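# Structure assessment
The lines below spell out each chain.
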Amino acid sequence: MVWLKRTTIGLIALVLLATCGVYATGNATKVSRIIEALLNKPDFPFDPADATAAPDYAVLSSWAALPGKTNLADLTPAGTKNRFNQGDAPADVFFIHPTGFHKGSSWTFSMDENTGTEEKTQWMMANQASVYNGCCNVYAPRYRQASIFAFFGDEKIKNEVLDVAYQDVVQAFEYYIKHYNQGRPFIISGHSQGTYHGIRLLKEVIDKTPLAKQMVAAYIIGGQITSSHFETMQDIKICTQATDLNCAIHWDTFSDAIIGDSFPERADNICINPLSWQLDGPLAGKEQHLGAVYPSGEFHAHYSGSDAATGIEFPPLEAPKSNYLQAQCKNGMLFITDQSGTPFEKFRHSFMKGSYHLLDYSFFHMDIRENAKLRIETYLKQRANQIRINFMQHKKAYL
């Protein structure tokens, strides 16, 4: 069976090489990554009983970021100062990290902290969750994330594997609300697999409960979210402008070098332009860009070999690159200034043509940072006004 699998993959590789052009270096690299993934995908069914035990969120090691625990989500871009220390901010963010488990040894991550997978989780804290430390206390659970291979192929296995991961996210969120939140407004945030869990959390746990009004916004970025996800939601809508509350924000970032190509599967995708914060926002020029921040640390997306930790170091974040790029929404995709020949180019997605999936946050680090502050400020002002109105009404009724 193994021989048959490898022979079949070999034939697929030949077809891909013939289709893409063997002499095109970029295409050949892309094909080699696809072949690597196909060869190392688990060839056994998923059994939830094989997954490691669920995390205990009363234990600090079950959190990748937590106020009071030194972590990479505390990094700030050079020259940036925060008004609040972690634990003292008037609002929180519950951040659900994306997929860092790229091995075929199991369908779900073992939760082993001494792994390359965990190093990628730390990369996500440094370069994604850190966006919110200017407005919020950052809470980011570790969880039995689904392997990247769960997204390749069998829909039944995908749903079963992701469900195990999602149940961890729910447990973490409920623990956070009960033990940490203390009634503060909060933001839900995620990326890629984290976005998958985030939209489900909105629908199944937050919508139609008091939590929906306590939620300032949801930045669920990267991963194809459509308006159909919100059709059955009662309290949570899609954001359309910079100060909207109790709503969700989404985009998927691509190079404008492919802007004329056809991607019909993304036509219904939600795209909010993070330079203008408009739904399906038109071209916003570089003068509107508050700043990209180059990622700290290496990100190794290898689909074979050991998952042992490699000792990746995470230097301080560089100063923001303001007025660096332009962006526009078109056909459900966010197109930005092409990054060919720049340091950012090394992070271009291996599989998706023109995609900067890994940099959905980094390109707009300062834009998200400032918008999250603005939405929190807007929420707190509205709540203060409502408290004042309620007090005056109560006083009038008493008199």
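The structure contained in this document is the topic of the report that follows. (Residues numbered from 1 in each chain as written. Predicted model: local features only at pLDDT ≥ 70, side-chain atom pairs only at ≥ 80, totals over all residues. Heavy atoms only, no water.)

### Concerning helix 3 (residues 116-127)
With twelve residues, helix 3 ought to run about 16 Å at 1.5 Å a step, and its terminal C-alpha atoms sit 16 Å apart, in line with that. Of all twelve residues that make up helix 3, twelve are buried, and the element is covered over most of its length. Close packing links the buried residues of helix 3 with strand 1 (63-65), strand 2 (91-96) and strand 3 (136-141). (Helix = DSSP H or I, 4+ residues; strand = E, 2+ residues; numbered from the N terminus. Expected span 1.5 Å × (residues − 1). Buried < 20%, exposed > 50% of the residue type's maximum accessible area, 1.4 Å probe, protein only. Contact = heavy atoms within 4.5 Å.)

### Topic: the pattern of salt bridges
Counted according to the given criterion, the structure contains twelve salt bridges. Between Arg-184 and Asp-92 there is a salt bridge whose closest N-O contact spans 2.9 Å. Taken as a pair, Arg-184 in the loop between helix 4 (155-181) and strand 4 (186-191) and Asp-92 in strand 2 lie far apart in primary sequence, 92 residues in all. When sorted by exposure, Arg-184 lands in the same class as Asp-92, which is buried. Through salt bridges with shared partners, a single network forms among Asp-163, Arg-200 and Glu-204. (Salt bridge = Lys/Arg side-chain N within 4 Å of Asp/Glu carboxyl O.)

### Topic: unusual backbone geometry
Of note, Gln-182 is a non-glycine position whose phi angle comes to about 55°, a positive value. Looking at the secondary structure, you find Gln-182 in the loop between helix 4 and strand 4. Non-glycine residue Asn-246 carries a positive phi angle of around 55°. Tracing the backbone through its elements, the reader meets Asn-246 in the loop between strand 6 (237-238) and strand 7 (247-249).

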